[in-house]
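# Structural features, examined
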Amino acid sequence: MSLDVSPKLLAEAEQGDIREEDFVDTVRTSLPYAYDLIASLTTELRSGAAEFADNQTPPPSEQERGQLLRALASDAIRTSLERHFGVELAFQNCHRVAAFRPGARGGQTYGRFTSVRSQVLNQSPEFRDC
């Protein structure tokens, strides 16, 4: 299971739409490593002039790696985090997530980061089973 959904949030979802803030809070508490990593990348991005901030450090355990994979593999989670933090996310391998400034998706830097060439160049044998 990806998220620990409270009975209250589940009941709200069964009745109709839920507040995105409540969903993001559920993500924060369910996937703390992923949430905190994206929060720190956002802070790093906003504190400098670089076009993006990225993580190149593997997670400390498979549990944290799983959190990151679940957060970025889910369209709902990923886009909610993007809106919450005001960034555009890109993802390579098992842990290299990057936060870009809004509107970056059409730009050259985002395109280079998400290109098949970059994906191939960012491979190594230890990522084979992640």
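Now for a quick tour of the structure. Once a new chain begins, its residue numbering starts again from 1 and follows that chain's sequence as written. In keeping with the predicted nature of the model, local features appear solely for residues at pLDDT of at least 70, side-chain atom pairs appear and are counted solely at 80 or more, and the whole-chain, interface and lining totals rest on all residues. Processing note: side-chain calculations cover all non-hydrogen atoms of the structure and skip hydrogens and water entirely.

### Examining the overall build of the protein
The criterion, for reference: Going along the chain from the N terminus, every DSSP run of H or I of four or more residues is numbered as a helix, and every run of E of two or more is numbered as a strand. What the globule rule says is 2.2 Å times the number of residues to the power 0.38, and the radius of gyration is computed from C-alpha atoms. The cut-offs for exposure are 20% and 50% of the maximum accessible area for each residue type, with area from a 1.4 Å probe on protein chains only; residues under the lower value are buried, those over the upper are exposed, and the others partly exposed. When checking whether two residues touch, look at their non-hydrogen atoms; a contact exists if any pair is within 4.5 Å. Reported accessibility uses the Shrake-Rupley method at a 1.4 Å probe radius. Residues are deemed covered only where the shown protein chains occlude them. Charge counting follows a simple rule: Lys and Arg are positive, Asp and Glu are negative, and His as well as the terminal groups are ignored. Charged side chains are reduced to one point each, which is NZ for Lys, CZ for Arg, CG for Asp and CD for Glu.
Within the protein, the regular secondary structure consists of seven helices and three strands. Counting helices and strands in the order they occur from the N terminus, the protein gives α-α-α-β-α-α-β-β-α-α. Expected size for 130 residues packed as a compact globule is a radius of gyration near 14 Å; at 15 Å, the protein falls within 12% of this value. In terms of its C-alpha atoms, the protein occupies a principal-axis envelope of roughly 45 × 35 × 25 Å. Put simply, the protein has 130 residues, and 41% of those count as buried. A separation of at least 24 residues holds for 61% of the contacts in the protein among residues at least 6 apart in sequence. Working note: accessible area of the protein is about 7,700 Å², and carbon and sulfur atoms make up 51% of it. A gap of 6 Å separates the mean positions of the 14 positive and 19 negative side-chain charges of the protein.

### What about the sheet that holds strand S2 (residues 88-92)?
Strand-to-strand pairing in sheets goes through backbone hydrogen bonds, with the strands running parallel or antiparallel. This is how it is decided: Two strands form a pair only when DSSP identifies at least two bridges running between them. Axes, fitted as lines to C-alpha atoms, cover a helix only where it is in contact. Angles between the N-to-C directions of the axes lie from 0 to 180 degrees.
Strand order in this open sheet of three strands is S1-S3-S2, and the pairing throughout is antiparallel. Both outer strands of the open sheet, strand S1 (52-54) and S2, are each paired with one neighbouring strand and no more. Taking each pair of neighbouring strands and ignoring which way they run, the sheet shows an average axis angle of 20 degrees. The pairing of S1 with strand S3 (residues 96-100) spans three bridges and is classified as antiparallel. Looking at S3, one finds that Asp-54 is bridged to Ala-98. Strand contacts of helix H3 (residues 32-47): S1, S2 and S3, with the helix running at about 45 degrees to S3, the strand carrying the most contacts.

### Observations concerning the pairing of S2
Remark: a regular strand shows side chains that alternate across the two faces of the sheet. Within S2, four of the five residues are buried, which leaves it mostly tucked inside the rest of the structure. Bridge count for S2 against S3 is five bridges, and the pairing is antiparallel. Each residue of the ladder has a partner; that of Ala-90, found in S3, is Ala-98. Linking S2 to S3, which pair antiparallel, is a turn of three residues; within it Asn-93 sits at a positive phi near 55 degrees.

### Some details on the packing of H3 against helix H4 (residues 62-73)
What counts here: Throughout this description, any angle smaller than 35 degrees is read as roughly parallel, any larger than 145 degrees as roughly antiparallel, any in the 65 to 115 degree range as roughly perpendicular, and the remainder as oblique. For this classification, Asp, Glu, Lys and Arg are treated as charged, while Ala, Val, Leu, Ile, Met, Phe, Trp, Tyr, Cys and Pro are nonpolar and the rest, including Gly, are polar.
Contact geometry of H3 with H4 gives a least axis separation of 7 Å together with a crossing angle of 70 degrees. In terms of axis orientation, H3 runs roughly perpendicular to H4. Between H3, through Pro-32, Tyr-33, Ala-34, Leu-37 and Ile-38, and H4, the contact on the second element is made entirely by Glu-64, Gln-67, Leu-68, Ala-71 and Leu-72. Classifying every residue of the contact of H3 with H4 by side-chain character gives eight nonpolar, one polar and one charged.

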